[in-house]
Amino acid sequence: MVEAPMTVTRRAARLGLYAILAAVAFIYLMPVWVMLITSLKDVEEIRSGNLLSLPSSLNFDAWVTAWGSACAGSSCEGISSYFWNSFQIVIPAVIISTLLGALNGYVLSFWRFRGSELMFGLLLVGCFIPLQVILLPMARTLAFFGLANSTPGLVLVHVIVGTGFTTMFFRNFYIGLPQELIKAAKLDGAGFFFIFRRVVLPLSTPIIVVTVIWQFTQIWNDFLLGIVYSGAETQPVTVALNNLVNTSFGGKQYNVDMAAALIAALPTLIVYMVAGKYFVKGLTAGAVKG
Amino acid sequence: MAALTIENAVKNYGQGDILKGINISIESGEFLILVGPSGCGKSTLMNMIAGLETVTSGRILMGDDDVTNVQPKDRDIAMVFQSYALYPNMSVAENIAFGLEIRKVPKHERAQEVERVAKLLQIEHLLDRKPGQLSGGQRQRVAMGRALARRPRLYLFDEPLSNLDAKLRVEMRTEIKKLHQNLGTTIVYVTHDQIEAMTLADRIAVMKDGIVQQFGTPQEIYNDPNNQFVAGFMGSPAMNFIPAKLAGTAAAVTVEVTDANGAVQQLPVPNSAALASQIGNEVVLGLRPEKITEPLPHKEADPMVTHLPMKVLVTEPTGADTMVVSELNGTQVDCRLGPRFDVTPGAAADLMVDMSLAVFFDKATGERIDR
Amino acid sequence: MNQQTNTAGRSINSAALSPLARLQQALADQLPKLVMAPTFLIIFVCIYGYIGWTFLLSLTKSRILPVWKFVGFEQYEKLFMNDRWMVSLENLVIFSFLFIALCLLIGMVLAVLLDQKIRNEGFIRGIYLYPMAISFIVTGTAWKWLMNPSLGLEKMMHDWGWTSFSFDWLVDPDMVVYTLVIAAVWQSSGFVMALFIAGLRGVDDEMIKAAKLDGASMPTIYRRIILPSLKPVFFSCFVILSHIAIKSFDLVAALTGGGPGYASDLPANFMYAHAFTRGQMGLGAASAMVMLGGVLAILVPYLYSELRGKKHG
Ligand SMILES: Nc1ncnc2c1ncn2[C@@H]1O[C@H](COP(=O)(O)OP(=O)(O)O)[C@@H](O)[C@H]1O
Ligand SMILES: [Mg+2]
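Residues numbered from 1 in each chain as written. Chains lettered and ligands numbered in written order. Predicted model: local features only at pLDDT ≥ 70, side-chain atom pairs only at ≥ 80, totals over all residues. Heavy atoms only, no water.

Novice: Explain the overall build of chain A here, please?
Specialist: For chain A, the helix and strand inventory stands at 13 helices and zero strands. Each helix and strand of chain A, ordered N terminal to C terminal, gives the series α-α-α-α-α-α-α-α-α-α-α-α-α. Across its three principal directions, the C-alpha atoms of chain A cover 75 × 75 × 30 Å. Pairs at least 24 residues apart make up 70% of the contacts formed inside chain A by residues separated by at least 6 positions. (Helix = DSSP H or I, 4+ residues; strand = E, 2+ residues; numbered from the N terminus. Contact = heavy atoms within 4.5 Å.)

Written as structure tokens, this is what we have:
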């Protein structure tokens, strides 16, 4: 197709369009930019300058403090141990819920049984109920099994809450694969797990990536389950960050708050930058479909 | 020995019967075609034969074995699907060998088998490719290769050619026919294409609404259809259905038609005995287009042949012959004329009607009444 | 070669199976259900069972520990007499309405702007969407600093010469709920944009070409043809945003702590406070049930129309 030469008004409109998009981009970027430069200033500079004034020198003291010695609640050891807590919660919870979701999706797509559609419907509705309605009984159950305030307890809760979503992702993906593929494998003599391993899993890479990223960000960013079910030693980083920000022994150290917040945000931001394409897919999966 | 017997098979998904008591039996080495309009239950029946769907009631036997409740993997059946269903993550060779691998056939035997099948289907040069890198026709071949590799007792083909373009479809049709002749395999083949059905089958089961309307050889189905549905489904262009009244005497029943000049003519019927009781009734006369032709000198003496002036509405020369749309008893009828016979649209032409294979149906039920 | 000789004599009679083989067969038949067993447990115990449990709790006088003494709907009466709850409900209405409306508006506009064959579209889209990857706690912390009444935006404007500028919503009980809206919209509008872009890309190109040939201008095409065809996307966004709004808990905790006083509490914060820190389990359970009711009031009609649409479409 041959583009018509741009008229002056059309060119002006394009320019205006780019200006608007840039201005909006600035607004979206500003909060994190402000966090970053604030975390590099010292307390004095924060008081004398303003949000967008650049630090006079790169000063990583606040980051060191936030990591190793800032006070959150009654302990003053920074957020490093909570940062690792989060990983200890996230990694098993992501692996287990993804695996469960894959198997569930496989059954619900290719090995239907009487009531399996109803099961999926109940699971879907379960994805959308407010967690508040299960918080209290869950707490009693964890206490009963001696899992209160423990990392395994928190992993268990995340698996319970996340399996609905992972199942939905996998089932919506598998339902798009040709049913005949599985029929062919059945006639070839393959059994349940063999078909899963050899035929279905090799085709699942995209949806596994989407699910893992989704679950990783969901669980890493969780605050509600963390604050309800973790103990002082097993807190995830979000809970610790909130404690740190709301602890004010002797003057607010905004630079430390910002450094801690950035540390807490870093893993999901990195995931987003590395695999943002899949992240978007994860977000739009199920929501936009014909 | 019957290779496959289906006894009173019924399928119900919960809202009425999809298959309403199917009875079919074929001998070892026979080529059975299931044909019928879309949605009549052909795939469902195939899946039941394969064990991929449960049988609501009735039995399925392979040889003397009742396999009604046997798992698909234990039935020793291979199936070629309409969508081919090739495993996209495996190469062509791996696809072909997959069933053997599961059955724990040693590696070198698998390789031999892949080689044999690839040679048979001329896909040796494709063995290392993934299905995504193949054309439609090549995929089709690989799908057949996968079925052939296992040397099963029974092959099922579910509309295997319907995703190919017209030319390739004819080619593959011939190829499948050759394979069947060379290997002597037992095949059940689904299609909704009546030409495929006629050319490939040893036996045809014509289905509609979950019922087998007729089960027989292609010749029986074509020349001696059970009812108006079967008659209309097989053959292209379709059989003409002409409303007409029976007349004549019990010894020589005739059927009345009005020619282009408005004169009522009496055409002879082949089986007077069966129709004697129907004299005076309105019936449906079924006449294939190739039975209405230009006057053929060698048939002049045939008592079943009559000259009939007919009005020409449209002519459609196809090269080999000329299809003429004409009119009889207020209904359009198709006629097949030789290419050199000259007719003018709008004018009347002197045509020849051969009633030797005419069939008669009840006007209300569509059932045959002349047997 | 003859295939039949190859297969002759293979028996596949199911009646001939040994007991062991039959047991294996039965196990194989049940395998899909066995695999789903943990999920059955999750669904029936941890979701629907627990909802029932919470409902029962809401009918009791339970405080720090469950007490199975039923008092009917007394807790619900208490709840709706409770000023803090009523404030949280009112906040939820304001917050959800503005949050959803602004997210939809901004998201849709950005999607349309980005749909104009923009250079570096992927990059710009990434910028609009990245807040979605961040935890609400981090978002709250950041905006708490930005909107700090003495050192935040206000000071920056003063430094830049606009000395009369005043922005102290964080400590103003009447305005504090709007700070929640600002931060939440910043975080979630990119998500709406992503959904709408995906929807726009799915619109049939030939339909747009046909409209152009009919003489419609681009704005008209968007208004009359493209955006109306995105109704399903619109509904999905609406449901997801409502869900986020009703669940909102972390943002309040990090940005305002519910304050000043309880001026910026949302129902989720009310529930947490009463169920877990103030020893009012019965009341907390009742508030949770009301939240569930709110979600179902949105979700059920949505799912109903979705399922109906599928059957008919
Ligand atoms: N899993 C199923 N549940 C309910 N109805 C089905 C199912 N599969 C097929 N059917 C119905 O059974 C009928 C026959 O389908 P099918 O065997 O696929 O037809 P064909 O292959 O002859 O086109 C159709 O009306 C179809 O809607
Ligand atoms: Mg079919």
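Novice: For this particular structure, what's the right way to read the side chain of Asn95 of chain B?
Specialist: All names here are of chain B. Relative to the elements of secondary structure, Asn95 occurs in helix H2 (residues 92-102). Residue classification places Asn95 among the buried positions, given a relative accessible area of 0%. A polar side-chain atom of Asn95 sits 2.8 Å from the main-chain amide nitrogen of Tyr87. Once residues within four sequence positions are removed from consideration, Asn95 is found in contact with Leu86, Tyr87, Met90, Pro131 and Arg146. (Buried < 20%, exposed > 50% of the residue type's maximum accessible area, 1.4 Å probe, protein only. Polar contact = N/O pair within 3.5 Å; in protein donor to acceptor, adjacent residues only side chain to side chain.)

Novice: Looking at this model, I keep getting lost on a nonpolar patch on the surface. Mind explaining?
Specialist: A contiguous nonpolar surface patch, about 520 Å² in accessible area, is contributed by Phe55, Leu56, Trp68, Phe70 and Phe73 of chain C. Position of Trp68 of chain C among the secondary structure elements: in the loop between helix H3 (37-58) and helix H4 (74-81). (Patch = residues over 30% accessible without salt bridge, like charges linked within 9 Å, V, L, I, M, F, W, Y side chains within 5 Å. Areas by Shrake-Rupley, 256 points an atom, 1.4 Å probe, with all protein chains shown as cover. Salt bridge = Lys/Arg side-chain N within 4 Å of Asp/Glu carboxyl O.)

Novice: Teacher, can you tell me more about the interface of chain C and chain A here?
Specialist: Accessible area lost on assembly of the parts is the figure often given for the size of an interface. With 87 residues of chain C in contact, the opposing surface of chain A contributes 80 residues. A buried area of about 7700 Å², summed over both sides, lies between chain C and chain A, and 78% of it is on carbon and sulfur atoms. Where chain C touches chain A, the interface holds zero salt bridges. Our count for the contact surface shared by chain C and chain A stands at 20 residue pairs in polar contact (both at pLDDT 80 or more). Its residues placed into classes, the side of chain C that touches chain A shows 65 nonpolar, 13 polar and nine charged. (Buried area = accessible area lost by both parts, 1.4 Å probe. Nonpolar A, V, L, I, M, F, W, Y, C, P; charged D, E, K, R; others polar.)

Novice: Could you clarify how one ought to interpret the nonpolar core in this entry?
Specialist: If you look at soluble globular proteins, the nonpolar side chains tend to sit buried side by side. Counting 234 residues, the largest nonpolar core has Leu34 and Val188 of chain B together with Phe99 and Tyr128 of chain C as the members making the most contacts within it. Examining the composition of this core, we find that 15 residues originate from one element, helix H9 (residues 176-201) of chain C, more than from any other. Leave out the neighbours within four places in its chain, and Phe99 of chain C touches Val181, Ala184, Val185, Ser188, Leu241, Ile244 and Ala245 of chain C. Leu134, Val142, Leu164 and Ala197 of chain B belong to the second largest nonpolar core, which has 46 residues in total. (Core = buried A, V, L, I, M, F, W, Y, C linked by side-chain atoms within 4.5 Å.)

Novice: When you look at the site of ligand 1 in this model, what are you seeing that I'm missing?
Specialist: Residues and elements named next belong to chain B. Near ligand 1 the following residues occur: Tyr13, Ile18, Ser38, Gly39, Cys40, Gly41, Lys42, Ser43 and Thr44. In this structure, an oxygen atom belonging to ligand 1 sits 3.0 Å away from a main-chain N or O atom of Gly41. Residue Thr44 places a side-chain N or O atom 2.5 Å away from an oxygen atom belonging to ligand 1. Burial of ligand 1 by the surrounding chains reaches 57%, relative to a free accessible area of 560 Å². Residue composition of the shell around ligand 1, by class: three nonpolar, five polar and one charged. (Near = heavy atom within 4 Å.)

Novice: Help me understand the domain arrangement of chain C in this model?
Specialist: Residue and element names in this part refer to chain C. Parsing chain C into structural domains produces domain 1 (2-58) and domain 2 (75-312). Put simply, the middle of domain 1 and the middle of domain 2, counted by C-alpha atoms, are 44 Å apart. Taken together, the contact pairs five residues of domain 1 with nine residues of domain 2. Roughly 530 Å² of surface becomes buried between domain 1 and domain 2 when both sides are summed, with 82% attributable to carbon and sulfur atoms. The interface formed by domain 1 and domain 2 includes zero salt bridges. Summed over the shared surface of domain 1 and domain 2, the number is one residue pair in polar contact (both at pLDDT 80 or more). Broken down by class, the residue content of the side of domain 1 that touches domain 2 amounts to three nonpolar, two polar and no charged. (Domains from an automatic or database assignment.)

Novice: Hey, could you run me through the pattern of salt bridges in this one?
Specialist: Two side chains with opposite charge may pair up if their charged atoms get near one another. Residue and element names in this part refer to chain B. A full pass over the atoms with the stated rule returns 25 salt bridges over all chains. Here Glu171 ties to Lys167 by a salt bridge, and the two come within 3.6 Å at their closest N and O atoms. Of this pair, Glu171 and Lys167 both sit in helix H5 (residues 166-183), four residues apart, which is roughly one turn of that helix. Using a relative accessible area of 37% as the deciding quantity, one classes Glu171 as partly exposed. Across the salt bridge formed by Asp224 and Arg368, the nearest N and O atoms sit 2.9 Å from each other. A residue pair is termed long-range when its members are at least 10 positions apart, and Asp224 in the loop between helix H7 (218-223) and helix H8 (228-233) and Arg368 in the segment after strand E20 (359-362) qualify at 144 residues. By relative accessible area, Asp224 is classed as partly exposed at 30%. Residue class for Arg368 comes out buried when judged on its relative accessible area of 15%.

Novice: Would you take a moment to explain the sheet that holds strand E6 (residues 77-80) of chain B for this structure?
Specialist: Whether parallel or antiparallel, the strands of a sheet pair through hydrogen bonds between backbone atoms. All names here are of chain B. On the basis of which strands lie adjacent, the open sheet formed by six strands has the order E6-E7-E8-E3-E9-E10 and mixed pairing. In this open sheet, the two edge strands, each paired with only one partner strand, are E6 and strand E10 (211-216). Here the average twist between neighbouring strands, direction ignored, is 15°. The sheet strands contacting helix H4 (residues 136-149) are E6 and strand E7 (154-158), and the helix crosses E6 at an angle near 175°. (Pairing = 2+ DSSP bridges. Axes fitted to C-alpha atoms, helices over the stretch in contact; angles between N-to-C directions.)

Novice: Looking at this model, I keep getting lost on the interface of chain B and chain A. Mind explaining?
Specialist: Taken together, the contact between chain B and chain A spans 24 residues of the former and 15 residues of the latter. Across the chain B-chain A interface, the total number found is two salt bridges. A salt bridge links Arg198 of chain A to Glu101 of chain B, with the shortest nitrogen-to-oxygen separation between them at 2.7 Å. At the junction of chain B with chain A, the criterion picks out eight residue pairs in polar contact (both at pLDDT 80 or more). Mapped onto the side of chain B that touches chain A, the elements with two or more residues apiece are helix H1 (42-50), E6 and H2 of chain B. Of the residues contributing to the side of chain B that touches chain A, the split by class is 14 nonpolar, five polar and five charged.

Novice: What exactly am I supposed to notice about the sheet that holds strand E19 (residues 348-354) of chain B here?
Specialist: Residues and elements named next belong to chain B. Strands sit in the order E15-E19-E16-E17-E18 across an open sheet of five strands; the sheet is antiparallel. Only two strands of the sheet have a single partner each, and these edge strands are strand E15 (292-293) and strand E18 (331-337). Sheet topology note: the strand E17 (residues 322-328)/E18 ladder contains seven bridges and is antiparallel. Note that in E18 the partner of Met323 across the bridge is Arg336.

Novice: Sorry, what's going on with helix H3 (residues 61-68) of chain A here?
Specialist: It helps to recall that an α-helix has 3.6 residues per turn; residues three or four apart then point in one direction. All names here are of chain A. Of all the residues in H3, the buried ones are Ala62, Trp63 and Ala66. The arc that holds every buried residue of H3, seen down its axis, measures 100°, which confines them to one face. Away from the buried face of H3 by more than 90 degrees, exposed residues Asp61 and Val64 are located. (Arc of directions from axis to C-beta.)

Novice: Teacher, can you tell me more about the packing of helix H6 (residues 132-144) of chain A against helix H7 (residues 151-174) of chain A here?
Specialist: A pair of packed helices is captured by two measures, namely the crossing angle of their axes and the spacing between those axes. Residues and elements named next belong to chain A. Their axes nearest at 11 Å, the elements H6 and H7 cross at an angle of 140°. Taken together, H6 and H7 sit at an angle that is classed as oblique. The hand of the H6/H7 crossing is right-handed. Mapping the contact onto sequence places Ile134, Met138 and Leu142 in H6 and Gly153, Leu156, Val157, Ile160 and Val161 in H7. By residue class, the composition of the contact of H6 with H7 is seven nonpolar, one polar and no charged. (Parallel < 35°, antiparallel > 145°, perpendicular 65-115°, else oblique. Left-handed = near helix turned anticlockwise from the far one by under 90°.)

Novice: Would you take a moment to explain the side chain of Asp250 of chain C for this structure?
Specialist: Within the secondary structure, Asp250 of chain C sits in helix H13 (residues 250-255). Beyond its immediate chain neighbours, meaning those up to four positions away, Asp250 of chain C contacts Asn221 and Phe223 of chain A together with Phe136 and Ile137 of chain C.

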